[in-house]
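Each chain, letter by letter, is given below.
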Amino acid sequence: FSCGERYRVKINLIIFEDVPMKKEIRYSNGTYYNGEVNRQGNPDGYGDISFSNGDTYTGEFVNNTLTGKGEYRYNNGNIYRGDMRNASRHGKGIMKWADGTWFEGEFVSDYIDGYGIMHFNDGVVFEGTMSQKDEKENGTYTYPDGRTVSGTFVNGERNGYIVLTWPDGSSC
């Protein structure tokens, strides 16, 4: 090589910008995270977190928050699988309580809110729209003996006009 002369040089450069980094993080409060992190070292992507109270979450994170699809296991035996936003149940999901009751439907800011089906542990099934925050339901309860009760309910009590249908099809 000499100054002032031109040379042809071939350079092969491989950049790994989009390869997720993985990291284990132990927080001072006893919480432990293992999974993908962003450039700042915060949980971002797919990972597992075990909280100091015994709750666990496996799923998606966005910049250090539980956001995306995942499974949250509560220390009391309850389990939620579905959409999360800012560490709250938000979107479509399935909530299973330790007593055998379970709900599949819509959640908003950690509350049941919208269309869904609730299966109670005594065999009763409710299908319709619900607002856990307002304690209102509009839909149909189906009992194990085959009868149904349709209408609007507040705090689990009928509110206004309802229709009771017996297994033989008769109604009042």
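Our subject is the structure that appears above.
Everything in this summary refers to the structure shown in the same document. Here the residue numbering is sequential within each chain, running from 1 through the sequence in written order. pLDDT decides what is reported in this predicted model: residues at 70 or higher carry local features, side-chain atom pairs at 80 or more are listed and counted, and totals for whole chains, interfaces and linings draw on all residues regardless. By convention in this description, side-chain values take in all heavy atoms of the structure and omit both hydrogens and water.

**Notes on the overall build of the protein chain**
For the purposes of this entry, the term helix denotes a DSSP run of H or I that reaches at least four residues, the term strand denotes a run of E that reaches at least two, and both are numbered from the N terminus. Per the secondary structure count, the protein chain includes zero helices and 13 strands. Listing every helix and strand of the protein chain by position from the N terminus yields β-β-β-β-β-β-β-β-β-β-β-β-β. A burial count over the protein chain gives 31% of its 172 residues as buried. If you sum the accessible surface of the protein chain, you get close to 11500 Å²; carbon and sulfur atoms cover 49% of it. The cut-offs for exposure are 20% and 50% of the maximum accessible area for each residue type, with area from a 1.4 Å probe on protein chains only; residues under the lower value are buried, those over the upper are exposed, and the others partly exposed. Computed with a 1.4 Å probe, the accessible areas rest on the Shrake-Rupley method; for each residue, only the protein chains presented here act as cover.

**Notes on the pattern of salt bridges**
We define a salt bridge as a side-chain nitrogen of Lys or Arg found within 4 Å of a carboxyl oxygen belonging to Asp or Glu. Evaluated as defined, the whole model comprises six salt bridges. Close ionic contact of Glu-71 with Arg-73 constitutes a salt bridge, the shortest N to O distance being 2.7 Å. Under the relative-accessibility criterion, Arg-73 is labelled partly exposed at 37%. Among the ionic pairs, Glu-106 bridges to Lys-92, the shortest N-O distance being 3.7 Å. One end of the pair, Glu-106, is in strand S8 (residues 102-108); the other, Lys-92, is in strand S7 (residues 88-96), and 14 residues separate them in sequence. Owing to a relative accessible area of 28%, Glu-106 belongs among the partly exposed residues under this scheme. Residue classification places Lys-92 among the exposed residues on the basis of a relative accessible area of 55%. Ionic contacts of the salt-bridge type, sharing partners, join the residues Glu-71, Arg-73 and Arg-81 into one network.

**As for unusual backbone geometry**
Phi is positive for Asn-63, which is not a glycine, with a value near 45 degrees. Its location among the elements puts Asn-63 in the loop between strand S4 (56-62) and strand S5 (65-73). Residue Asn-63 is classed as partly exposed on the basis of its relative accessible area of 44%. A positive phi is found at Ser-109, a non-glycine position, where the angle reads about 50 degrees.

**Notes on the packing of aromatic side chains**
Stacked, edge-to-face and tilted are the three classes for Phe, Tyr and Trp ring pairs, Trp counted by its six-membered ring, which pair at centre distances within 6.5 Å; planes under 30 degrees apart are stacked, over 60 edge-to-face, the rest tilted. With the rule as written, the count across this model stands at ten aromatic pairs. Aromatic side chains Phe-120 and Tyr-141 sit 6.5 Å apart centroid to centroid with 25 degrees between the ring planes, which places their arrangement in the stacked category. On the criterion of sequence distance, the pair formed by Phe-120 in the loop between strand S9 (111-119) and strand S10 (125-131) and Tyr-141 in strand S11 (residues 136-142) is long-range, its members being 21 residues apart. Residue class for Phe-120 comes out partly exposed when judged on its relative accessible area of 32%.

**What about the layout of surface pockets?**
Taken as a whole, the largest pocket spans an internal volume of roughly 180 Å³. Within this scheme a cavity is a closed region of a 1 Å grid, computed over the protein atoms alone, that accommodates a 1.4 Å probe without allowing it to escape, whereas a pocket is open but has protein on both sides within 12 Å along at least five of seven lines; lining residues each have an atom within 4 Å of a point. Trp-97, Ile-112, Met-118, Phe-120, Phe-126, Met-130, Ser-131, Gln-132, Glu-135, Lys-136, Glu-137 and Tyr-141 together form the lining of the largest pocket. Grid points are joined across faces, edges and corners, and a volume is the space filled by probe spheres set on the points.

**Here we look at the environment of Arg-147**
Inspection of the secondary structure assignment puts Arg-147 in the loop between S11 and strand S12 (148-154). Classification of Arg-147 by relative accessible area gives partly exposed; the value is 26%. Once you skip the residues sitting within four places of it in the chain, Arg-147 turns out to touch Tyr-141, Thr-142, Thr-165, Trp-166 and Pro-167. Here Asp-145 takes part through its side chain, which lies 2.8 Å from a polar atom of the side chain of Arg-147. Whether two residues are in contact is decided by their heavy atoms: any pair within 4.5 Å suffices. Residues adjacent in sequence count toward polar contacts only when both atoms are side-chain atoms; beyond that, a polar contact is any pair of N or O atoms within 3.5 Å, and within protein one must be able to donate a hydrogen and the other to accept it.

Purely geometric numbers; function is a separate question.
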